[in-house]
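# Structural features, examined
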Number of protein chains: 2
Amino acid sequence: MDVTENKTAKGIQTQLHIMNIALDLFKKYGYDKISVDRIVKESNTSKGSFYQHFPSKSSIFMMRFMEMDEHYIHIYEDIEQKYSSAIERLEAFFLAVLRCIEKELGKDLMRVIYSAAVISNEHTFFTNEDRKLYTILRQIITDGKQDESIQNISSTHDFFQSIVQSFMGAIYFWGLQLDNTELEELGRPLIGQIIAGLR
Amino acid sequence: MDVTENKTAKGIQTQLHIMNIALDLFKKYGYDKISVDRIVKESNTSKGSFYQHFPSKSSIFMMRFMEMDEHYIHIYEDIEQKYSSAIERLEAFFLAVLRCIEKELGKDLMRVIYSAAVISNEHTFFTNEDRKLYTILRQIITDGKQDESIQNISSTHDFFQSIVQSFMGAIYFWGLQLDNTELEELGRPLIGQIIAGLR
DNA sequence: TATATCATTAGACTACAGTCTAGTCTATGG
DNA sequence: CCATAGACTAGACTGTAGTCTAATGATATA
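Criteria and cut-off values
Residues numbered from 1 in each chain as written. Chains lettered and ligands numbered in written order. Predicted model: local features only at pLDDT ≥ 70, side-chain atom pairs only at ≥ 80, totals over all residues. Heavy atoms only, no water. Near = heavy atom within 4 Å. Polar contact = N/O pair within 3.5 Å; in protein donor to acceptor, adjacent residues only side chain to side chain. Helix = DSSP H or I, 4+ residues; strand = E, 2+ residues; numbered from the N terminus. Nonpolar A, V, L, I, M, F, W, Y, C, P; charged D, E, K, R; others polar. UniProt positions renumbered as here; feature names shortened; annotations may be inferred.

Chain A is annotated in an unreviewed UniProt entry as Transcriptional regulator, TetR family from Sporosarcina newyorkensis.

Below, the structure is given as structure tokens:
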């Protein structure tokens, strides 16, 4: 996470230690109730150490969030086997990712990520074209044009961006809700509507 | 904006004065370069006064943002006359709102709003069902079911939420972009795809 | 082994959003 | 005309994210 990626073994260890302690504290007390001073104290490190390994408080969550892309690869592998047409895979994958986000990361984390990413310029992950999630989505769309299950789209690029916007819209909307409505439930009508436009 | 809405004439004057000074400063130097102390200094008021009239720094932008809903009413009145079917009105209105947001508010303001709204619980405007924008959207959908231009939707409620998510997704996505691509341009494929699913 | 380099660590310090308290002004009702 | 309530103002104070500097540790090369 540091600009210089020349970490020593000790450095990596410290980073993971801080991250584990912090995630535990966030889980127990909530992100905004836990200060960096507290994290530093509980992990027996220091401010200097913390900011050596993390560019910001929110980047702890960001790291967890970024890890998830590896997960999405496995999710897609499963889906690839279950569905024969790309259009079915698109819908199933979209919903599976939403389920995964809610289960593995939770609303608190996603709210922090979405709030920080749009304001800080520090988090370029959302706009990184090489992101695994984006690669998978582009793959599905390409496949869909091939097997002709995805039609009526102006361009792969525009359609890809529409899907990304749908993800963001569903997640952002869910982040705003005070009740416990599931993310998947909120996102299902939107992706369904888009899929309907492809046939 | 204060919890107590019993403002005196002097109070309203002070609030508007602070708001004008602050918006000028934000425009000139950027939101994150201007501190509340600076606003207070430049407007010859005080911290106490500031927080009497605004619950937070970001709420200055929030007030501007909330004002826009009045604008949307006028936009819709124009569109109502130009398009005969509800489905056409939906697409035109969606795009007109995006244009209006970019032109009248700009990306900086929207980034602050989107960042603050999802993290703070202070801003309930996004989840306020009585919001003018939402009323207009529900009206269009109801009209669309009436004139049968909007079909194939499971429920008005779900479709309404999908449209709101589309707004949020397009705006959030636009907020992340570092280039100057227009919001309308980014949102057009998404709403187009959704509209395609209605026919 | 000596030395240079660069990662790591500690913690004092800064900047700034937001709170608190004490006091002033203003409108209203007896 | 006084008393009371509560809106308004000033600015000191607090909490906390993030910076800076100086010191220490590890590694690589001569």
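Now that the structure has been shown, we can carry on.
## Here's the deal with the protein's contact with DNA strand C
As a matter of local geometry, DNA strand C sits amid 21 residues, with A:T8, A:T14, B:V36, B:K47 and B:K57 nearest to it. Backbone sugar and phosphate groups make up 60% of those atoms of DNA strand C lying within 4 Å of the protein. A:T14 places a polar side-chain atom, nitrogen or oxygen, 2.8 Å from a phosphate oxygen of DNA strand C. For DNA strand C, a phosphate oxygen lies 3.0 Å from a polar atom in the side chain of A:H53.

## What about the protein's contact with DNA strand D?
With respect to spatial proximity, 21 residues lie near DNA strand D, and among them A:V36, A:K47, B:T8, B:T14 and B:S49 are the closest. Among the atoms of DNA strand D close to the protein, meaning within 4 Å, 64% are from sugar or phosphate groups. Between DNA strand D and A:V36, the relevant distance is 2.6 Å, taken from a phosphate oxygen to a main-chain nitrogen or oxygen of the residue. The separation between a base oxygen of DNA strand D and a polar main-chain atom of B:G48 is 3.1 Å. Elements with a contribution of two residues or more to the surface near DNA strand D: α3 (47–53) of chain A together with α1 (9–29) and α3 (47–53) of chain B. With 5 residues, the single largest contributor to the surface near DNA strand D is α3(B). A breakdown of the residues in the surface near DNA strand D according to their chemical character gives 3 nonpolar, 13 polar and 5 charged.

## What about the UniProt feature "domain: HTH tetR-type" (unreviewed entry) in chain A?
When the UniProt feature table is mapped to this numbering, "domain: HTH tetR-type" (unreviewed entry) covers residues 12–72 of chain A. Across residues 12–72 of chain A, the secondary structure splits into 77% helix and 0% strand, with the terminal C-alpha atoms separated by 25 Å.

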